Amino acid sequence: MGILLGLSRLIDGINGFIGRWVSWLIFAAIMISAVNAIIRKLFNMSSNAWLEAQWYLFGAAFMLASAYTLMQNEHIRIDIFYGTRTRRTQHWIDLIGHVFFLLPFVALMSWMLVPYTLQAWRIGQISTNAGGLIIWPARAFLALGFILLVAQAISEIIKKIAVMRGLIDDPHPFVSAHEAAELEGAALAQQTKGEDAK
């Protein structure tokens, strides 16, 4: 299990680096959008390539950060059922969900998107919009995002089994929305008391 936990740490490190780095793609998309709007207003000209570049950057940020989001346990979850179960049952729900739903889906998407990307690259496919960009980079971001999700799903499965066996602490102990609100209220009250003391 030690080797698998080492692999999990490696995957987490890679996805953590990528997840933090891609936030700059959002900044780049915003800058392109602003410059494009200014040029359109001042000089009455625009380009589909700039619009598509914004979409590419936003899509890349979304897809490349999805594995990081999974690692941080920040994907949307409905707590009506999950939150009322014991922590052991929650671990089983997570493990079954990762093994039987998440991993097969992201593996299938990766398997389908790699040839789809390579085909666009081989034929030099270009957007159907006038002045549009080449297609393969957008498809490559999709494929890479799903490949990173495959790796992160494997990492999460390894960590979940290790937590259930008592080999590591739970990296994401469950806190219900009610408990989170109570903790936040207590922290704010403590902060207010500290400011009043000054």
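The structure reproduced in this document is the subject of the present report. Worth saying up front: this structure is predicted, and the values here are computed from it rather than measured. (Residues numbered from 1 in each chain as written. Predicted model: local features only at pLDDT ≥ 70, side-chain atom pairs only at ≥ 80, totals over all residues. Heavy atoms only, no water.)

## Some details on the overall build of the chain
When helices and strands are tallied, the chain shows 7 helices and 0 strands. Along the chain direction, N to C, the helices and strands of the chain fall in the order α-α-α-α-α-α-α. For the chain, the C-alpha radius of gyration of 22 Å lies well beyond 16 Å, the compact-globule estimate for 198 residues. Expressed along its principal axes, the backbone C-alpha trace of the chain runs to roughly 55 × 50 × 30 Å. Scored against the burial criterion, the 198 residues of the chain give a buried share of 31%. Sequence separation of 24 or more characterises 74% of the internal contacts of the chain that already satisfy a separation of 6 or more. Total accessible area computed for the chain in this model is approximately 12900 Å², and 70% of it derives from carbon and sulfur atoms. Taking the 15 positively charged and 13 negatively charged side chains of the chain as two groups, their mean positions are separated by 9 Å. (Helix = DSSP H or I, 4+ residues; strand = E, 2+ residues; numbered from the N terminus. Rg over C-alpha atoms; globule rule 2.2 N^0.38 Å. Buried < 20%, exposed > 50% of the residue type's maximum accessible area, 1.4 Å probe, protein only. Contact = heavy atoms within 4.5 Å. Areas by Shrake-Rupley, 256 points an atom, 1.4 Å probe, with all protein chains shown as cover. Lys, Arg positive; Asp, Glu negative; His and termini not counted. Charge placed at Lys NZ, Arg CZ, Asp CG, Glu CD.)

## A look at the packing of helix α1 (residues 2-21) against helix α3 (residues 48-71)
Running from amino to carboxyl end, α1 crosses α3 at an angle of 125°, the nearest separation of the two axes being 8 Å. Between α1 and α3, the interaxial angle falls into the category oblique. When you trace α1 past α3, the crossing you get is left-handed. Contacts between α1 and α3 involve Asp12, Asn15, Gly16, Ile18, Gly19 and Arg20 on the former and, on the latter, Leu64, Ala67, Tyr68 and Met71. (Axes fitted to C-alpha atoms, helices over the stretch in contact; angles between N-to-C directions. Parallel < 35°, antiparallel > 145°, perpendicular 65-115°, else oblique. Left-handed = near helix turned anticlockwise from the far one by under 90°.)

## Regarding the packing of aromatic side chains
Applying the stated rule across the entire model yields 2 aromatic pairs. When the ring of Trp24 is compared with that of Phe27, the centres are 5.9 Å apart and the planes differ by 85°; the resulting orientation is edge-to-face. Residue Trp24 and its partner Phe27 are located together in helix α2 (residues 23-43), separated by 3 residues, close to a single helical turn. With relative accessibility at 57%, the residue Trp24 sits in the exposed group. Classification of Phe27 by relative accessible area gives partly exposed; the value is 44%. Judged by centre distance (6.0 Å) and plane angle (75°), the ring pair of Phe105 and Phe146 falls under edge-to-face. With Phe105 in helix α5 (residues 87-123) and Phe146 in helix α6 (residues 136-164), the pair connects residues that are 41 residues apart, well separated along the chain. By relative accessible area, Phe105 is classed as partly exposed at 47%. Arg139 extends its terminal NZ or CZ atom over the ring of Tyr116, reaching a point 3.6 Å from the ring centre. (Phe/Tyr/Trp six-rings, centres within 6.5 Å; stacked < 30°, edge-to-face > 60°. Lys NZ or Arg CZ within 6 Å of the ring centre and 35° of its normal.)

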